[in-house]
Amino acid sequence: MQNSVVKGIFDNFNEYLSKEQELRTEIRDIVRDIDQAAKVAAIALQVIHSSIADVPAACATARTHFEVCRAGYVKLATLIPVGQYYRYNDHWHYMTQRIVFLIALTVYLEKGFLVSRDTAAEILGLCVEQQDGFHLDIEDYLMGVLQLASELSRYAVNSVILGDFEKPLTISKFVADLNSGFRLLNLKNDSLRKRFDALKYDVKKIEEIVYDISIRGLRNDGGAATATAAPPPASTAQETPQ
């Protein structure tokens, strides 16, 4: 009698664990498809570092792959049991941050402004409120935006190499505004806080590019043809020979 009771208990456990494993396998398969689409979008957007003329086409290509990502997230939303988003979100947590970054980069390249959390969620077919179910977590959105800042610092450097001396100026203002916005937040999360701390290096790098453009008189506005037109970042000023 005792053996049959124990067997019944563990049979239930075994059934539960089997269903759990099946669910996680389905989640991994969907996440793999979403991640593959995101990788293709990322590859398409890398053209911004080598060709100014191909940027619009790269953005259009990326958007087609965002549609694939959206379809995948819709599948995930139907698969995840109600109220168990955070139980399984380790499967898509970092991937979502990267996709938000790609969306933010695309919108910036197209429109020149920061994509909102609501818009990013809409592109991916997600909710924005936790109580509504499968949603775009605030932390994932913010981490994606911070990744955008790092990519734009690289974009500023390569824009100069490609002969576009105005792009770093607009990037500098945009990233400075991002920095100001993040400083308004009371960040307690360790990973988000550490990633935000790296933003100051992105700001510094872009400021140095703008300063170099200014002292060489490469700005089209004609207002920075001399070294006195734009004061250098503190670190740059110290390194400049007297």
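Everything quoted here is computed from the prediction, not taken from an experiment.

### A word on the overall build of the protein chain
- When you go through the protein chain residue by residue, the secondary structure sums to 10 helices and 0 strands.
- When the helices and strands of the protein chain are placed in sequence order, the string is α-α-α-α-α-α-α-α-α-α.
- Taking all 242 residues of the protein chain together, 43% fall into the buried category.
- In the protein chain, the proportion of contacts linking residues at least 24 apart, taken out of those at least 6 apart, comes to 72%.

### A short note on the nonpolar core
- In terms of nonpolar packing, the biggest core is built from 67 residues, with Y73, L76, W92, I99, I103, L152 and V175 touching the most fellow members.
- Counting residues per element, this core draws most heavily on helix α4 (residues 93-111), at 11 residues.
- Each residue touching I103, except ones within four places of it in the same chain, is listed here: F66, V115, A120, I123 and L124.

### What to know about the UniProt feature "binding site: Mg(2+)" (unreviewed entry) in the protein chain
- Residues annotated by UniProt as "binding site: Mg(2+)" (unreviewed entry) correspond here to E151.
- The topology assignment puts E151 in helix α6 (residues 138-161).
- E151 has contacts with Q46, H49, F101 and L105, leaving out every residue within four places of it along the chain.

### Observations concerning the packing of aromatic side chains
- Inspection of every chain in the model, using the stated rule, returns 7 aromatic pairs.
- The interplanar angle of 25° and the centroid separation of 5.9 Å between the aromatic rings of F182 and F196 together place this pair among those described as stacked. Taken as a pair, F182 in helix α7 (residues 167-183) and F196 in helix α8 (residues 190-197) lie far apart in primary sequence, 14 residues in all. Each member of the pair F182 and F196 is classed as buried.

### Re the packing of helix α2 (residues 55-79) against α4
- Remark: α2 packs on α4, axes separated minimally by 10 Å, with the N-to-C direction vectors making an angle of 145°. Considering the relative orientation of α2 and α4, their crossing is left-handed. Contact with α2, carried on its side by V55, C59, A62, R63, F66, C69 and Y73, involves M95, T96, I99, L102, I103, T106, V107, L109 and E110 of α4 and no other residues of that element.
- A breakdown of the residues in the contact of α2 with α4 according to their chemical character gives 12 nonpolar, 2 polar and 2 charged.

### Observations regarding the environment of V31
- Checked against the element boundaries, V31 lands in helix α1 (residues 2-45).
- Beyond its immediate chain neighbours, meaning those up to four positions away, V31 contacts L76, H91, W92 and M95.

### Digging into the side chain of Q97
- The topology assignment puts Q97 in helix α4.
- A residue is classified by how much of its surface remains accessible, and Q97, at 3% relative accessible area, is buried.
- Look past the residues within four positions of Q97 in its chain and what remains in contact with it is E139, D140, M143, G144 and Q147.

### Focus: the pattern of salt bridges
- Taken as a whole and assessed by the stated rule, the structure comprises 12 salt bridges.
- The partner of D212 in a salt bridge is R216, with the nearest N and O atoms 3.8 Å apart.
- The exposure class of D212 is partly exposed, given its relative accessible area of 33%.
- One network of salt bridges, with partners in common, ties together E20, R24 and R87.

### Notes on a negative patch on the surface
- Together, D118, E122, E129 and D132 line one region of the surface with negative charge.
- Its place among the elements puts E122 in helix α5 (residues 117-123).
- Given the relative accessible area of 57%, E122 is considered exposed.

### A closer look at a nonpolar patch on the surface
- Together, V5, V6, I9, F10 and F13 make up a nonpolar patch on the protein surface, roughly 440 Å² of accessible area in all.
- Examined against the element boundaries, F13 turns out to sit in helix α1.
- Classification of F13 by relative accessible area gives partly exposed; the value is 46%.

### With respect to the environment of V40
- In this fold, V40 is placed in helix α1.
- Looking at V40, the relative accessible area reads 29%, which means it is partly exposed.
- Separated by 25 residues in sequence, V40 and H65 place their C-alpha atoms 7.3 Å apart.

Criteria and cut-off values
- Residues numbered from 1 in each chain as written.
- Predicted model: local features only at pLDDT ≥ 70, side-chain atom pairs only at ≥ 80, totals over all residues.
- Heavy atoms only, no water.
- Helix = DSSP H or I, 4+ residues; strand = E, 2+ residues; numbered from the N terminus.
- Buried < 20%, exposed > 50% of the residue type's maximum accessible area, 1.4 Å probe, protein only.
- Contact = heavy atoms within 4.5 Å.
- Core = buried A, V, L, I, M, F, W, Y, C linked by side-chain atoms within 4.5 Å.
- UniProt positions renumbered as here; feature names shortened; annotations may be inferred.
- Phe/Tyr/Trp six-rings, centres within 6.5 Å; stacked < 30°, edge-to-face > 60°.
- Axes fitted to C-alpha atoms, helices over the stretch in contact; angles between N-to-C directions.
- Left-handed = near helix turned anticlockwise from the far one by under 90°.
- Nonpolar A, V, L, I, M, F, W, Y, C, P; charged D, E, K, R; others polar.
- Salt bridge = Lys/Arg side-chain N within 4 Å of Asp/Glu carboxyl O.
- Patch = residues over 30% accessible without salt bridge, like charges linked within 9 Å, V, L, I, M, F, W, Y side chains within 5 Å.
- Areas by Shrake-Rupley, 256 points an atom, 1.4 Å probe, with all protein chains shown as cover.
- Lys, Arg positive; Asp, Glu negative; His and termini not counted.
- Charge placed at Lys NZ, Arg CZ, Asp CG, Glu CD.

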